[in-house]
Amino acid sequence: MKRHLGFWLAVGWAAVLVLPWHIGGVWPVFWPAGPQNGPSAGDGMPALIQGLLLGRPWLLASVLPLLAALAGLRATSGVTRGADGRARSAWLTAAGAGGLGWLLVESIAVTQPGLGLGAAAYAVVCLVLGAHGLALRGWCKGDVFIVASIGLVLGSILVFVGFPVVTILLSAVQDNDGRLTVVGLFDKLTDSGIWGLGCVLGTGSTCGVAWNTLALAGVVGVLTTGTGLAFALIAVRTGFRFKSALRLASILPVITPPFVIGLAIILLFGRAGVVTDLLSTLFDIPRSRWIYGMPGVAMAQVLAFTPISFLVLVGVLQGVSPTLEEASQTLRATPWITFRTVTLPLIRPGLANAFLISFIESLADFGNPLVLGGNFDVLSTKIFYAVVGAAHDQGRAAVLAIILLSFTLSAFLAQRLWLGRRSYATVSGKGDAGLPSPLPSGVRIAASAVAALWTALTVLVYGTILVGGFLKSLGRDNTLTLIHYQTAFGIETGPNGWWFSGSAWDSLFTTLGVSLVAMPLTAALGLLTAYLLVRQSFLGRGAFEFLTMLSFAIPGTVIGVSYILAFNTPPLELTGTGLILIIAFVFRNMPVGIRAGIATLSQIDKSLDEASLTLGARSFTTLRRVILPLLRPAIVTAMVYSFVRAITSVSAVIFLVTAKYNLATAYIVGRAEVGEYGLAIAYSSVLIAIMVVALLAIQLLVGERRLGRRTAALPVSTSASKVNA
């Protein structure tokens, strides 16, 4: 413990003596060249130097917690129990709490620039010091790693999820002039446009936007979960030869900006679409606008969200112990009874999490309803128009966001009730020699039919997307051309050599850089949170779990606006930087990693953790050497989803991009707004190719989970020959 504390104290002293305390600051070697005039002079200097030389004495207090931690470290000689242990615990707890408390107070009470790298490192050090103190008091069985992890995850979620959401939700009790008004809140919550039932009562009016949203999310949740299960059954439980191609086809939609899928559906099934024109010519089927509304939005969302369900369910299905299915067959159960009474109950965590993710994704999605909704309004589009429309009613947007949160909370509680307190552990430390039960013929046929229909529609949509980039004007002038790719990704040569002349290069490089940084952070934070939720018991765990889903439930548009409101001024002045994009992606996409991790961890027997702890390993070693190798399906899901969503996200970052930090999706939306669909589709095609390569690389890097199971029965002759040998 003294060695670990010494390391963290060294980091703390570096934070106040070396690192820039405020954002925008420069590294130590550039201090003399920093700005010398104006209020920003010296902002790049460390806290101690600013306190001594620049008249900011409140920063000098930052060294007191570090001195207190040193006193606690020297108070004993390695004794951690009895009076000496309590003394060290008191010193360390006071140092951590005092440092975090003073940092919060002085950053709010004193007018100064936003906190920077030095302050961030100092906050982490204080958190770790406090965790050491609480562990000495017996918290979490004295495990410093668990206490620090809970503090780190909870603190980061409160700062980067809770604070922005509370900031914008406060607008629900304010009018457009910023005055508090509870009456206005009640009027907005009970608006007939939200809860009207005219379509059900036959009054001629449409249903309220809340009922439209719930109906759409329910239909999409059921369809995506069923389709994802069909793909998972084919990939894991059949001898299908082209499983790699099937996996690739199943994840294609998730690597495409939603607006592009909607555009392709319009070009195929709209009044002048290719399929509509073909059906009208061959079968004299009248043209219609059926694609605009709930059918079109549901089709686009099922295409977009099924891959997420597949990625969650394929890992869960792999974890089902074949021994249990063989036991059912030994009792003369038919394949259908085995599938219904053994296999399906064991994958219930995967089904519940897949449905919850798809349900919440549908609630928060606004790209597909924006393109295909027509007169079918949902909460996300209403929020979008309330934020960016002519009325600019931020209070109404906040009220609609509250309603979305209530729907998410209801779905979350329903999922927990359905799962109950049953155990779904099937992966233990023992070898498993069983063979998976064959699928019932009806299930196999149904899964194949669903997968075939979905794959055909996917190929049709992506064929339209890929071909559209090579046409001069899709649907109007089908002349083959490369002009769109040359405009976006042209490379020219001049007197100074080769240079990137295309207009899309800057946004592509920025997007890839931000995505590559956000990907491991998202996966690590998500899986660590899942481990804490499943494997640890602590006060408020249920509320903590719901808090982790908060950013996933709020529409991306609201997240973007809330980040602007929360982080546009000190103490966390991040607007206009590349860091705010990374933070938005990490906490927006983290819940998928959490749900995938929870689904997979639910199948891993806790006896594996207990065996490792019995042999003297601490929680961090157990997590690294025992749990993580078994979490490879969840790791792939988290990394794939975070990387892809960071590239294809539109709503969460549309208000956060700048001229310096422009992203691919913002570029695509900008081209689509001015009617340059060919250029938008060409850029999307390049992104698809890049993400396919990245997904294959992630799968190769992480690898497959090995559970020590047979994949086929050995012939008798082969077994005998090996025994004789």
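Within each chain, residue numbers correspond to sequence positions counted from 1 in written order. For a predicted model such as this one, the threshold for reporting local features is a pLDDT of at least 70, and the threshold for listing and counting side-chain atom pairs is 80 or more; totals across whole chains, interfaces and linings nevertheless cover every residue. Hydrogen atoms and water are omitted, and side-chain values are computed over all heavy atoms in the structure.

Engineer: Just to check I follow, could you spell out the overall build of the chain for this structure?
Structural biologist: Helix numbering and strand numbering both begin at the N terminus, where a helix is a DSSP run of H or I of at least 4 residues and a strand a DSSP run of E of at least 2. For the chain, the helix and strand inventory stands at 33 helices and four strands. Type-normalised accessible area, obtained with a 1.4 Å probe on protein chains alone, sets the label of each residue: buried when under 20%, exposed when over 50%, and partly exposed for intermediate values. Buried positions account for 52% of the 725 residues belonging to the chain. Whether two residues are in contact is decided by their heavy atoms: any pair within 4.5 Å suffices. Contacts in the chain between residues at least 24 apart in sequence constitute 75% of all its contacts with a sequence separation of at least 6. Surface accessibility of the chain: about 32600 Å² in total, with carbon and sulfur atoms responsible for 66%. Residue-level accessible areas treat just the shown protein chains as cover; the underlying method is Shrake-Rupley with a 1.4 Å probe.

Engineer: Would you take a moment to explain unusual backbone geometry for this structure?
Structural biologist: Among all residues except glycine, the phi angle is most often negative; among peptide bonds, the trans geometry is most common. Residues Pro-570 and Pro-571 are joined by a peptide bond in cis, for which omega reads 10°. Note that Pro-571 resides in the loop between helix H26 (556-566) and helix H27 (578-601). Despite not being glycine, Cys-140 has its phi angle at roughly 50°, a positive value. Of note, the phi angle at Lys-141 is positive, near 60°, even though the residue is not glycine. A relative accessible area of 83% places Lys-141 in the exposed class.

Engineer: Even after reading the chapter, I still don't get the packing of aromatic side chains, so can you show me in this structure?
Structural biologist: For any pair of aromatic rings, the description rests on two quantities: the centre-to-centre distance and the angle between the ring planes. What counts as a ring pair is set by centres within 6.5 Å for rings of Phe, Tyr and Trp (its six-membered ring), and what kind of pair is set by the plane angle: stacked under 30 degrees, edge-to-face over 60, tilted for all other angles. According to the stated counting rule, one finds 22 aromatic pairs in the structure shown. Aromatic pair Phe-7 and Trp-8: ring centres 5.3 Å apart, planes at 75°, arrangement edge-to-face. With centroids separated by 5.5 Å and ring planes inclined at 80°, the aromatic side chains of Phe-500 and Phe-509 adopt a geometry described as edge-to-face. Of the aromatic side chains, those joined through ring pairs into one cluster are Phe-489, Phe-500, Trp-505, Phe-509, Tyr-667 and Tyr-683. When the NZ atom of lysine or the CZ atom of arginine is within 6 Å of a ring's centre and also within 35 degrees of its normal, the charge is said to sit over that ring. The ring of Tyr-667 carries Arg-671 above its face, with NZ or CZ at 5.2 Å from the centroid.

Engineer: Got a minute to help me understand a nonpolar patch on the surface in this structure?
Structural biologist: Surface patches are defined over residues having more than 30% relative accessible area and no salt bridge, joining like charges when they lie within 9 Å and nonpolar side chains (Val, Leu, Ile, Met, Phe, Trp, Tyr) when within 5 Å. The salt bridge definition used is simple: a Lys or Arg side-chain nitrogen within 4 Å of an Asp or Glu carboxyl oxygen. On the surface, Leu-278, Leu-279, Leu-282, Phe-283 and Ile-285 cluster together into a nonpolar patch covering about 490 Å² of accessible area. Among the structural elements, Phe-283 can be located in helix H13 (residues 274-283). Look at Phe-283 and you get exposed, because its relative accessible area is 57%.

Engineer: Looking at this model, I keep getting lost on the pattern of salt bridges. Mind explaining?
Structural biologist: Oppositely charged side chains can form a pair if their charged atoms are brought close together. Per the stated rule, a full pass over the model turns up six salt bridges. Residues Arg-287 and Asp-277 are paired through a salt bridge, measuring 2.6 Å at the closest nitrogen-oxygen approach. Separated by ten residues along the polypeptide, Arg-287 in the loop between H13 and helix H14 (294-318) and Asp-277 in helix H13 bring together distant segments of the chain. For Arg-287, a relative accessible area of 34% puts it in the partly exposed group. Assessed through its relative accessible area of 35%, Asp-277 is described here as partly exposed. For Asp-609, the salt bridge is made with Arg-535, and the minimal N-O distance between the two is 2.9 Å.

Engineer: Even after reading the chapter, I still don't get the packing of helix H6 (residues 144-169) against helix H24 (residues 541-548), so can you show me in this structure?
Structural biologist: The packing of two helices is summarised by the inter-axis angle and the distance between the axes. Lines fitted to C-alpha atoms define the axes, with helix axes restricted to the stretch in contact, and inter-axis angles between N-to-C directions lie between 0 and 180 degrees. Between H6 and H24, the least distance of the axes is 10 Å, while the angle of their chain directions is 45°. Taken together, H6 and H24 sit at an angle that is classed as oblique. In terms of crossing hand, the pair formed by H6 and H24 is left-handed. Between H6 and H24, the contacting residues are Val-153, Leu-154, Ile-157, Leu-158 and Val-161 on the first element and Phe-544, Leu-547 and Thr-548 on the second. Taken together, the residues that form the contact of H6 with H24 break down as seven nonpolar, one polar and no charged. The cut-offs work like this: below 35 degrees is roughly parallel, past 145 is roughly antiparallel, 65 to 115 is roughly perpendicular, and the gaps in between are oblique. Crossing handedness is read from the near helix: turned anticlockwise from the far helix by less than a right angle, it gives a left-handed crossing, and turned clockwise, a right-handed one. Put simply, Ala, Val, Leu, Ile, Met, Phe, Trp, Tyr, Cys and Pro go in the nonpolar bin, Asp, Glu, Lys and Arg in the charged bin, and everything else, Gly too, in the polar bin.

Engineer: Can you walk me through the packing of helix H10 (residues 209-237) against helix H21 (residues 441-468) in this structure?
Structural biologist: Where H10 meets H21, the closest approach of the two axes is 9 Å, and the angle between their N-to-C directions is 115°. Relative to H21, H10 is oriented roughly perpendicular. The two elements H10 and H21 meet at a crossing, and its hand is left-handed. Side by side, H10 and H21 meet where Thr-227, Ala-230, Phe-231, Leu-233 and Ile-234 of the first sit next to Val-443, Ala-447, Ser-448, Val-450, Ala-451, Trp-454 and Thr-455 of the second. Classifying every residue of the contact of H10 with H21 by side-chain character gives nine nonpolar, three polar and no charged.

Engineer: Any chance you could explain the nonpolar core here in plain terms?
Structural biologist: By nonpolar core we mean a set of buried residues, namely Ala, Val, Leu, Ile, Met, Phe, Trp, Tyr and Cys, connected to one another through side-chain atoms within 4.5 Å. The biggest cluster of nonpolar side chains holds 171 residues, and the ones touching the most others in it are Ile-265, Tyr-563, Phe-587 and Tyr-683. Among the elements that take part in this core, H14 stands out by supplying 16 residues, more than any other. Each residue touching Ile-265, except ones within four places of it in the same chain, is listed here: Gly-270, Ile-291, Met-299, Ala-300, Leu-303, Leu-372 and Val-461.

Engineer: How should I be thinking about the environment of Trp-21 in this particular structure?
Structural biologist: Residue placement: Trp-21 occurs in the loop between helix H1 (2-17) and helix H2 (47-53). Overall, Trp-21 belongs to the buried group, its relative accessible area being 1%. A C-alpha to C-alpha distance of 8.8 Å links Trp-21 and Gly-114, two positions 93 residues apart in sequence.

Engineer: Is there a simple way to explain the confidence of the model for the chain in this structure?
Structural biologist: Low pLDDT means the predicted atomic positions in that stretch should not be read closely. Here pLDDT means the predictor's own confidence in every residue, given as a number from 0 to 100. On average, residues of the chain carry a pLDDT of 80, and 85% of them reach 70 or more. Between the elements of the chain, mean pLDDT differs from a low of 40, seen in helix H33 (residues 716-724), to a high of 93, seen in helix H5 (residues 117-136). Confidence over residues 25-39 falls short of pLDDT 50; this stretch has 21 contacts with residues more than four positions distant or in other chains. When the criterion is pLDDT under 50, residues 712-725 qualifies, and its contacts beyond four places in sequence or with other chains add up to three contacts.

Engineer: Where do I start with the side chain of Ser-684 in this structure?
Structural biologist: Relative to the elements of secondary structure, Ser-684 occurs in helix H32 (residues 677-702). N or O atoms within 3.5 Å of each other form a polar contact, as long as, within protein, one can give a hydrogen and the other can take it, and as long as residues adjacent in sequence are counted only when both atoms are side-chain atoms. Looking at Ser-684, its side chain comes within polar contact range of the main-chain oxygen of Ala-680, at 2.9 Å. Discounting chain neighbours no more than four positions away, the residues touching Ser-684 are Pro-257, Val-260 and Ile-668.

Engineer: Looking at this structure, how should I read the pairing of strand S3 (residues 491-494)?
Structural biologist: The two faces of the sheet receive side chains in turn, since in a regular strand these alternate between them. Of the strand pairs in this sheet, S3 and strand S4 (residues 497-500) are connected by four bridges, and their pairing is antiparallel. Directly across from Gly-494, in S4, lies its bridge partner Gly-497. Strand pairing is defined by DSSP finding a minimum of two bridges between the two strands. In this structure, the hairpin formed by S3 and S4 is closed by a connection of two residues.

Engineer: Please clarify how the environment of Trp-499 should be interpreted in this entry.
Structural biologist: With respect to the helices and strands, the residue Trp-499 is situated in strand S4. If sequence neighbours within four positions are ignored, Trp-499 has contacts with Gly-490, Ile-491, Glu-492, Thr-493 and Gly-494.

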